[in-house]
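Observations on chain architecture
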Amino acid sequence: MLQEAYYLFSSWDPVGRAPLLSGVAYYDDSIIVGTEGLLEWVNENPGVDVASVIREGRFSCVWASASSLVAWCDDMAQETIYYYEDAGRWAFSNSFLALARELRTRGVSLSVHKGALAAFDIGNYSLFGGQLVSHQTPIREIRVLSNNHQLKVTDLEGRQNFSLDHRPRQAQVETLDPESYIGGLQQFVSSWKGRFSAMAEKNLFDHYKVGLSGGYDSRITFALAYQGLSGSTDRYQINSDPKKVDDLGPANAIRELYQIENGFKPSNPVRVNGEKAYDLWKLGNVGVYLPVYLARREIPAKAVNVHGGHFRAHAYAKMSAQQRLSVIQKKLPGGNVPKREFAEVWCDAFREMDVDMDDPRAMHQHYLNFRARFHYGRSWYKNLSNIVMTPLLSAKLKALSDAFIWGGGDMQQVTYDLMYLLDPQLTEMPFDREEKRFPSEVKARSLVKGCALAGRVPIGGGRVYGGGITGNDTEVAADGRCRSLAELGRAVSDRMVEEFRTEGVAAVDCGLADHLSFLKMRTVVKLGRESSSTRALLSWWVTRAEIANLTGGRRDI
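Our subject in this report is the structure included herewith. Since we're looking at a predicted model, the values are computed, not measured.

Next up on the list: the overall build of the protein. Within the protein, the regular secondary structure consists of 18 helices and 15 strands. Over its C-alpha trace the protein gives a radius of gyration of 23 Å, about what one expects of a compact globule, namely 24 Å for 557 residues. Taken over 557 residues, the protein has a buried fraction of 58%. Restricting to contacts in the protein with at least 6 residues of sequence separation, those with at least 24 account for 75%. Carbon and sulfur atoms make up 48% of the accessible area of the protein, which totals about 22900 Å². Averaged over its 66 positive side-chain charges, the protein has a centre that lies 5 Å from the centre of its 65 negative ones.

What follows concerns unusual backbone geometry. Positive phi is not limited to glycine here, since Ala 77 has a value of about 55 degrees. Along the polypeptide, Ala 77 turns up in the loop between strand S5 (68-73) and strand S6 (82-86). Of note, Asn 203 is a non-glycine position whose phi angle comes to about 55 degrees, a positive value. The exposure class assigned to Asn 203 is partly exposed, which follows from its relative accessible area of 42%.

This part covers the side chain of Asp 74. Within the fold, Asp 74 resides in the loop between S5 and S6. Comment: no salt bridge for buried Asp 74; closest opposite-charge side chain is Arg 373, at 6.8 Å. Of note is the side chain of Asp 74, whose polar atom sits 3.0 Å from the backbone nitrogen of Ala 77. Reaching out from Asp 74, the side chain makes a polar contact with the backbone nitrogen of Glu 79 at a distance of 3.5 Å. Each residue touching Asp 74, except ones within four places of it in the same chain, is listed here: Arg 55, Gly 57, Arg 58, Phe 59, Glu 79 and Asn 147.

Glancing now at helix H11 (residues 362-377). A maximum bend of about 40 degrees is found in H11 at Arg 371. The buried count for H11 comes to 16 of 16 residues, which makes it a mostly enclosed element. Residue Arg 378 follows H11 closely and has a positive phi angle near 50 degrees.

With that settled, the discussion passes to the nonpolar core. Grouped together as the largest cluster of nonpolar side chains are 152 residues, with contacts concentrated most on Phe 222, Phe 342 and Trp 346. Broken down by element, the residue count for this core peaks at ten residues, all from helix H5 (residues 178-201). With near-sequence residues (within four places) excluded, Trp 346 lies in contact with Phe 128, Val 133, Ala 321, Arg 324, Leu 325, Ile 328, Met 357, Met 363 and His 366.

We now examine the pattern of salt bridges. For the structure shown, the criterion picks out 23 salt bridges. Via salt bridges that share partners, Arg 101, Lys 282, Glu 499 and Glu 546 belong to a single interconnected network.

On to the packing of aromatic side chains, then. Scanning all chains against the criterion turns up 33 aromatic pairs. Relative to Phe 350, the ring of Trp 346 has its centre 5.6 Å away and its plane inclined at 65 degrees; by these criteria the two rings are edge-to-face. Of this pair, Trp 346 and Phe 350 are both found in helix H10 (residues 336-352), four residues apart, which corresponds to roughly one turn of the helix. For Trp 346, a relative accessible area of 0% gives the class buried. With relative accessibility at 1%, the residue Phe 350 sits in the buried group. Ring geometry for Phe 431 and Phe 438: centres 5.6 Å apart, planes at 90 degrees, overall edge-to-face. For Phe 438, a relative accessible area of 3% gives the class buried. A cation over a ring is seen here: Arg 195 above Tyr 26, with NZ or CZ 4.2 Å from the ring centre.

With that out of the way, let us pick up the sheet that holds strand S7 (residues 89-93). On the basis of which strands lie adjacent, the open sheet formed by four strands has the order S1-S7-S6-S8 and antiparallel pairing. The open sheet has two edge strands, strand S1 (8-10) and strand S8 (143-144), and neither has a second partner. Pairing of S6 with S8 involves two bridges; the strand directions are antiparallel. Across the sheet, Tyr 83 pairs through a bridge with Arg 143, a residue of S8.

A separate point is the environment of Ile 31. Relative to the assigned elements, Ile 31 resides in strand S3 (residues 30-33). The exposure class of Ile 31 is buried, given its relative accessible area of 0%. Separated by 26 residues in the primary sequence, Ile 31 and Gly 57 have C-alpha atoms spaced 8.9 Å apart.

Taken in spatial order, the four strands of this open sheet run S12-S11-S13-S14, and their pairing is parallel. Here the strands that pair on one side only, and so sit at the sheet edges, are strand S12 (236-239) and strand S14 (386-389). Put simply, the sheet's adjacent strands are angled 25 degrees from each other on average, direction ignored. Two elements, strand S11 (residues 207-211) and S12, share four bridges in a ladder whose sense is parallel. From the neighbouring strand, Gly 211 faces S12, where its bridge partner is Asn 239.

Spanning 17 residues, H10 covers 24 Å between terminal C-alpha atoms, matching the ideal 24 Å at 1.5 Å per step. Among all positions of H10, only Lys 339, Glu 341, Phe 342, Ala 343, Val 345, Trp 346, Asp 348, Ala 349, Phe 350 and Glu 352 are buried. One or two steps after H10, the chain reaches Asp 354, where phi turns positive at roughly 60 degrees.

Below, the discussion takes up the side chain of Gln 136. Within the secondary structure, Gln 136 sits in the loop between helix H4 (114-117) and S8. According to the relative accessible area criterion, Gln 136 is buried, its value standing at 6%. Separated by 3.5 Å, the side chain of Gln 136 and the backbone oxygen of Ile 142 make a polar contact. Of the polar contacts made by the side chain of Gln 136, one reaches the side chain of Arg 143; its length is 3.2 Å. Those residues in contact with Gln 136 that lie beyond four places of it in its chain are His 113, Ala 116, Ile 142, Arg 143 and Val 345.

Thresholds, definitions, all that
- Residues numbered from 1 in each chain as written.
- Predicted model: local features only at pLDDT ≥ 70, side-chain atom pairs only at ≥ 80, totals over all residues.
- Heavy atoms only, no water.
- Helix = DSSP H or I, 4+ residues; strand = E, 2+ residues; numbered from the N terminus.
- Rg over C-alpha atoms; globule rule 2.2 N^0.38 Å.
- Buried < 20%, exposed > 50% of the residue type's maximum accessible area, 1.4 Å probe, protein only.
- Contact = heavy atoms within 4.5 Å.
- Areas by Shrake-Rupley, 256 points an atom, 1.4 Å probe, with all protein chains shown as cover.
- Lys, Arg positive; Asp, Glu negative; His and termini not counted.
- Charge placed at Lys NZ, Arg CZ, Asp CG, Glu CD.
- Salt bridge = Lys/Arg side-chain N within 4 Å of Asp/Glu carboxyl O.
- Polar contact = N/O pair within 3.5 Å; in protein donor to acceptor, adjacent residues only side chain to side chain.
- Bend = angle between axes of the 7 residues up to and from the residue.
- Core = buried A, V, L, I, M, F, W, Y, C linked by side-chain atoms within 4.5 Å.
- Phe/Tyr/Trp six-rings, centres within 6.5 Å; stacked < 30°, edge-to-face > 60°.
- Lys NZ or Arg CZ within 6 Å of the ring centre and 35° of its normal.
- Pairing = 2+ DSSP bridges.
- Axes fitted to C-alpha atoms, helices over the stretch in contact; angles between N-to-C directions.
- Expected span 1.5 Å × (residues − 1).

Next up, the structure:
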């Protein structure tokens, strides 16, 4: 499925304009895996408008016909498409760097967008400062395709017409009575249990890696996988981080409750060398995401990582969009121009999302389109270790939650009701922090309390289309591959240091970094400090050097 992890389509090279599905999509009971699955599904559903109905999942899709080509991502923005268009020339890719390099090769003049690049100057590589904050990338000519748009190229009498078309939003839940609320949660649980069951029946994966921490989200995804796989302990492995002491108690308690013996498994062995890992990191991250997470192989293991990624984060949305903009601008270094340009791209993001900045939901939507997209998403790159599945990042669950929350409820209530529906015992188990324990008023308000299906929602139907996931732990036995993640990290850090030494000054010459910061970083490099923070700073420099070179700012040194 991921032998070619990233793709690029352009008007310069019309060869290969074939349908493509990178990832996994869901439609009713169908589980559509990769391009093979898409073609198989379409063959059984002739005449269907693929771009209109393939929306749920974790994917990017390119659908080609005799006279047109359409490209889009899933409605929850878990994958990303970057695009360029000017004077009839166009190109798009799921790798920002691959697209920028292709444009340079084709003679396109690229320029820096300092406002977009300033997103990485906030100084916090987690909620803010770690990823783009708008659809504008650090290269002015390249933008991110928003999740409510699609790219369309139409051939009319030999002339290509490129357009950016609105995608109609998924049907929203306008009114929510108790019956439809409970029914919606039950349908979500049944569907996901059915998907796990169908994938297991087809042996799509050798096993399922389920992260289990001390919080809400991982507990829900664990229960979905456990029940969908009918408690077959040879099908899944529970992963908890032994370094997070607060997680261990709740995770162990749940394993004891379900009598699960397999506990903390070692990480997957590394199956790629440092050079290749560094190149993959750049293709997946440079220009769009700073923290360094390394792909451990070129082809994924035949395993799935069930991840608790969510579409809401309270800390991200604790300020309004205007308040957050003011706070960020105060943190930005330099003069007024970057601050003003940053404000322009920030406001532009909300316009392109069709969200009013004064809407109390504005920052929730921003989180989904940017933080969640680049942290949980970047699907092709993240999938290079294990195929990633994120049940909670569901447009249907979000619509149901939105109707409940903006109707006067809260997310903790939805979380409690969903968890109770899966297994009432899970709502009473300890969490990593005492304040996460569900208060009595949440329990009293629950609409699913006493529901006849609590703890035994039936497994829904499901059929898998495709399934060419051929990776395993012995593939990609590249010469010089690293033996451990620590060794891989050191190899990549060495490459970043080398690139800083040879290319870092290009960022200074191009005005993307100041000379004093360069000297400070050079001192850190000379001292040989190896840490995650040092690697994050190096990624900052590598990003700027790459942008400088791509936009013609390089000086021979």
